[in-house]
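# Chains, contacts and geometry: an overview
Here is what each chain is made of, one letter per residue.
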Amino acid sequence: MSQRIYSEEKNFKNALIAGMSNSPDTPTREMVESKAKVMADLFEYKGDLQNVIIETLIAIETRMGIGESLIDTESIHDDQWVQRRPQNAWIYSQAYFDFLESEGWAPKLTQTLGDVTEKILGHLQDPRAEGTQWSRRGLVIGHVQSGKTANYTGVIARAADAGYKLIIVIAGIHNNLRKQTQARIDEAFIGRSSDPSKKRVPIGVGMQKDYPNPATLTNIRDDFNKNTAAKSGWKINDFSKPIILVIKKNVSTLDALHDWLKGLNANGGSQIRDVPMLLIDDEADNASINTNKEELDPTRTNATIRRILGLFAKSCYVGYTATPFANIFINPDELPDNVPDELFPRDFIYCLDAPTNYFGAEKVFINDETSKKALRFIDDAEELLPLGHKNNFEVKELPSSLYRAFDEFIIARAIRNLRGQHRKHCSMMVNVSRFVVVQKQVRELLRQQELKVRAAVGMYANMPDESASRNPLMQSLKEAFLDEYIDAGVSWDEVKKELPNVFTRFGLYVINSGSDDILEFVDDDSGGPGVTAVAVGGLSLSRGLTVEGLTISYMYRNTKMYDTLMQMGRWFGYRPNFEDLCRVHMSGDSADWYAHIAEAADELVLQVKRMRRDKLSPKEFGFYVQNHPDVLSITAANKMLSGEEVVVQKNYSGKLIECHQLSTDDSVNAANMKLLQDSWSAGFGGSTGEETEAKDLISGKVLVPSKGLIFRDVNISEIENFLRGFDVHSEFEGTKKVAIAYLSAIATANPRGDVVLISPGGIPEQAFALNTQKRSAQSNTNEGQTVNHIVGTSWNLPKGRVASKGDERLGLSKEQLERAEMNARTDAFRVMTEGKTEKERENAAIRVEKADAGRPVVSDWFYREQRAKPLLMIHSLEPTGNDALKGPIISFGISFPPGDYVTSVSVVANRIWMRKSSDTELIWEEEDEYDV
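Residues numbered from 1 in each chain as written. Predicted model: local features only at pLDDT ≥ 70, side-chain atom pairs only at ≥ 80, totals over all residues. Heavy atoms only, no water.

Before going further, it helps to examine the overall build of the chain. Counting its regular elements, the chain contains 29 helices and 32 strands. Taking all 932 residues of the chain together, the buried fraction comes to 58%. Counting only contacts in the chain whose residues sit at least 6 apart along the sequence, the fraction spanning at least 24 positions is 81%. Accessible area of the chain: about 37300 Å², with a carbon and sulfur share of 49%. (Helix = DSSP H or I, 4+ residues; strand = E, 2+ residues; numbered from the N terminus. Buried < 20%, exposed > 50% of the residue type's maximum accessible area, 1.4 Å probe, protein only. Contact = heavy atoms within 4.5 Å. Areas by Shrake-Rupley, 256 points an atom, 1.4 Å probe, with all protein chains shown as cover.)

Next comes the structure, spelled out in structure tokens:
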């Protein structure tokens, strides 16, 4: 199809989005279809309407909240300086928002982005403010692949309008990520291609009339280096327009930039006084683990960034991350004495809201319904691609599950074509090794499979199905369709006929730090099909790099490093009109760990909101992050690579700690049952009473549920004694000891706690017994796939959870319950109604009431934040799916009250403790930040 027709469709869709966005009510599909038909006649548009209609609906229904910020309450800062700028001052930013709308963003979404970037800019300093010297430090927390680049590009455009003269973007540690970021900045801010071969061709915002192109000292091919600096001879003040550099987070690059700035621009070797500077640190937590590569030493990286900032009398640093557990929280005592002004976000922390169409961890790992649709477990890869393989490993064959994922990718591409998305890019990610030599072998085996499938499709796609299905490769494709996509709205015959078109612009690529393969998602100049790509890689695929149109992901990796694993989530992002086709293949253990990570990341954002409500400052958040249980794997790993023991601090404030690794030894479980019965008969030293909840009206039925028995105001020493006597599996022993130590540390402020014996349906008649709760010991919940939760002598509970949702509400007063549920409602529906008309808000409120008939579904975090004392929950579990494991088996969870950001307990961490701790399990050979 010609470029002209392609442009016509794009222009028509954007006009339709703009037209429907002005509707006073939320448009229905029927309204969009009707408007599309009328506008098609006016535009004389003859192309496909269905895909345009669906993408228009997605665009106009998408909402994004304004986010939350936590600011330094003691700092004297004018957050309103932005509002005093005249409206006609926003030239770069308005051009950027107009560009986004030309790319299909709905006006309401760009308006919200404009509001968010205005707020972030307000947290920076007015570059024209009086005063000879100032600095600001901030952090923006977003979700993986959720649009952080779009956000900081908007902040850059606003900063240029406000008067910042030099803008530096540090774009991760890999060349391909720096190149990708440079290309985006070229299009969205510079307005000219920085590719030397294209001679500064106008692109993106530069297509707008009289656009004042900023200057750049880097380009799509070349990072900033000593040779670049020496050749230029430029000084910052040689330019009348803003200057922007996009560089790697690499010590040599940073040193070269520092030397150029100091040598050519500082006055007499001192500070640069007349150039307000903004530094954006994308992936601010990266280069956070010590490696054997000096270029990636986090302490040197951190120190050099700070030296660059120290050259400027007027500077602002803003870090962007989805995992704020490392680099900006480096201990200042580890740095040289001559390093100025730490990177800690002392002035503000801003939490971004993900748009409502974001395909993130909640959908893939936490929500049972959507997780069942998207997640597939790998259980056949260990012999062929062992997790602990070395650099010289020979890949003789690929797992059947990988060939199956490859079939899914081919089918999904065909379905996307049938949905009118043949010009959209479509990709598959394969991440099974950090070793380049192994990645290349995997790519070659997949290439052989691709050639076989391509030949089979060429021969059989247009034959009757009876003949085509005799070919085993065609039969495998058909089975993938029937098993995965039977509800996709197309028939097998339609898909089969479309299969030949899948292999147009089809490629397999190895993506790593030293790869010669170039995977570029560029539109065909003739308006032809988009790129169909299989990207095989490791760490280069794991951080920052956007794999466009990602539909199928296959990851078999064994790291449990919090930030490394979270950043491997390239499958997160936006999937307009193909989210239902997306599949994520990984091991059951990784899926459980991801669920834990997702909940911990959400908790961080909720913590910012709580601290804002309590009028606290970023320094309290810093205490919270530094002593967060999940930060241990990063803090200790910095030293442990040399075998050193490290003392780290842990804080369990506002956390739920659950014994989710249970012993399969009958004698151990019998002893724990006796401990419970003895403690129960002694009353835990507290008062008793059956816990009955208020009547709830659900579907016309009156229910009076009973969850068991509660002992109120038990002395903390009694709870500690119970926990000390409870025999846990050795894998959980370290966490139990730290939890007991933390209980003891907060005993002065919290001398008593509650104990709940959870027994669904009430306490049975026999003495000192609980009704059991079923938990899987061998799960068959995901489309017949089996995940074995018995590992050695440990029963690892699915998703690392023991309690059911709502258990933490037990023991709360009526007033506490009402506050928790009101806070949950307010938070859940803020995004849903943000930016809508009054009528839309009223309609949303009605829908909320209908959805909340009865008790609303509330995250336990909201109940926990109302708790004023610790809660010990005791469960009696019945394992299912494994005849060798008999119940009941006793487990426990401790819910700690929130609000204490100072108290922590010391943990002497060494490799043995790290491996035994349930919070972390490091695979040491995976701590290198580069593919090797």
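Strand E6 (residues 277-282) sits mainly inside the fold: 6 of its 6 residues count as buried. Examined bridge by bridge, strand E3 (residues 166-171) and E6 share 6 bridges and lie parallel to one another. If you follow Ile-170 over to E6, its bridge partner there is Asp-281. Pairing of E6 with strand E7 (residues 314-321) involves 6 bridges; the strand directions are parallel. Bridge pairing in E7 links Asp-282 to Tyr-320. (Pairing = 2+ DSSP bridges.)

Paired through backbone hydrogen bonds, the strands of a sheet run either parallel or antiparallel to each other. Spatial ordering of the open sheet is given by E1-E8-E2-E7-E6-E3-E5-E4, a layout of 8 strands whose pairing is mixed. Of all the strands in the sheet, the pair left with one neighbour each is strand E1 (68-71) and strand E4 (215-216). As judged from the 2 bridges shared by E4 and strand E5 (residues 243-247), these two strands associate in the parallel manner. Among the inter-strand pairings, Ala-215 is bridged to a residue of E5, identified as Ile-243. Across the face of the sheet, helix H5 (residues 107-123) comes into contact with E1, strand E2 (134-141), E7 and strand E8 (348-351) while running at roughly 170 degrees to E8. Packing of helix H6 (residues 148-162) onto the sheet brings it into contact with E3, E5, E6 and E7, and relative to E6 it is tilted by some 175 degrees. (Axes fitted to C-alpha atoms, helices over the stretch in contact; angles between N-to-C directions.)

This paragraph deals with the confidence of the model for the chain. The share of residues in the chain with pLDDT of 70 or more is 77%, and the mean pLDDT across the chain is 79. Counting contacts from residues 287-292, a segment whose pLDDT is below 50, to residues more than four positions away or on other chains yields 30 contacts. This model gives residues 850-856 a pLDDT under 50, and the stretch forms 12 contacts once residues within four places in sequence are excluded. (pLDDT = per-residue confidence, 0-100.)

Along helix H24 (residues 716-725), the residues classified as buried are Ile-716, Ile-719, Glu-720, Phe-722 and Leu-723. Down the axis of H24, the sector holding all buried residues measures 160 degrees, keeping them to one side. (Arc of directions from axis to C-beta.)

Moving on: unusual backbone geometry. For the bond from Gly-887 to Pro-888, the omega torsion is 0 degrees, close enough to zero to count as cis. Here Pro-888 is to be found in the loop between strand E30 (871-880) and strand E31 (889-895). A positive phi angle is found at Asp-210, which is not glycine, with a value near 60 degrees. Assignment of secondary structure puts Asp-210 in the loop between helix H7 (175-190) and E4. Take Asp-210: its relative accessible area is 68%, and that puts it in the exposed class. Positive phi, normally seen in glycine, also occurs at Asp-713, with a value near 55 degrees. Note on placement: Asp-713 falls in strand E23 (residues 706-715). Since its relative accessible area comes to 38%, Asp-713 is described here as partly exposed.

This brings us to the pattern of salt bridges. All told, the structure shown has 26 salt bridges when counted by the stated rule. Residues Glu-658 and Arg-801 are paired through a salt bridge, measuring 3.0 Å at the closest nitrogen-oxygen approach. Linking Glu-658 in strand E18 (residues 656-658) with Arg-801 in the loop between strand E29 (794-796) and helix H26 (814-833), this pair joins segments that are 143 residues apart in sequence. Overlapping salt bridges, with partners in common, bring together Arg-376, Arg-404, Glu-408, Asp-483, Glu-484 and Arg-583 in one network. (Salt bridge = Lys/Arg side-chain N within 4 Å of Asp/Glu carboxyl O.)

The next subject is the packing of aromatic side chains. All told, the structure shown has 20 aromatic pairs when counted by the stated rule. Arranged with centres 5.5 Å apart and planes meeting at 70 degrees, the rings of Trp-680 and Phe-768 form a pair that is edge-to-face. Linking Trp-680 in helix H23 (residues 666-681) with Phe-768 in the loop between strand E24 (752-758) and strand E25 (773-776), this pair joins segments that are 88 residues apart in sequence. Taking the relative accessible area as the measure of exposure, Phe-768 reaches 35% and is therefore partly exposed. Ring centres 5.9 Å apart and planes at 50 degrees place the aromatic pair Phe-722 and Phe-726 in the tilted group. Classification of Phe-722 as buried rests on a relative accessible area of 2%. According to the relative accessible area criterion, Phe-726 is buried, its value standing at 1%. Site record: aromatic cluster; members linked through ring pairs are Phe-684, Phe-711, Phe-722, Phe-726, Phe-732 and Phe-892. (Phe/Tyr/Trp six-rings, centres within 6.5 Å; stacked < 30°, edge-to-face > 60°.)

As a further point, take the environment of Met-429. In this fold, Met-429 is placed in strand E11 (residues 426-431). Under the relative-accessibility criterion, Met-429 is labelled buried at 0%.

The end-to-end C-alpha distance of helix H4 (residues 91-102), which contains 12 residues, comes to 17 Å, matching closely the 16 Å that a straight helix rising 1.5 Å per residue would cover. Turning to H4, its buried residues number three or more, namely Tyr-92, Ser-93, Ala-95, Tyr-96, Phe-97, Phe-99 and Leu-100. Along its buried surface, H4 packs onto H5, H6 and H7. One or two steps after H4, the chain reaches Gly-104, where phi turns positive at roughly 105 degrees. (Expected span 1.5 Å × (residues − 1).)

A word on the side chain of Asp-282. The topology assignment puts Asp-282 in strand E6. This buried residue, Asp-282, is left without a salt bridge; Lys-148 holds the nearest opposite charge, at 5.8 Å. Those residues within four positions of Asp-282 in sequence are excluded, and the remaining contacts are Thr-149, Tyr-152, Ile-170, Ala-171, Gly-172, Lys-249 and Tyr-320. (Lys, Arg positive; Asp, Glu negative; His and termini not counted.)

Phe-365, Ile-411, Val-430, Val-442, Leu-446, Leu-499 and Val-534 are the most contacted members of the largest nonpolar core, which has 71 residues in total. In terms of nonpolar packing, the next biggest core, distinct from the first, is built from 47 residues, Val-116, Ile-120, Val-140 and Ile-244 among them. (Core = buried A, V, L, I, M, F, W, Y, C linked by side-chain atoms within 4.5 Å.)

Moving on, we get to the sheet that holds strand E19 (residues 661-663). Spatially, the 3 strands line up as an open sheet ordered E19-E29-E28, and their pairing is antiparallel. Edge positions in the open sheet fall to E19 and strand E28 (790-791), since each of these has one partner strand only. Across 3 bridges, the pairing between E19 and E29 is antiparallel. Within E29, the residue paired with Gln-661 across the bridge is Asn-796.

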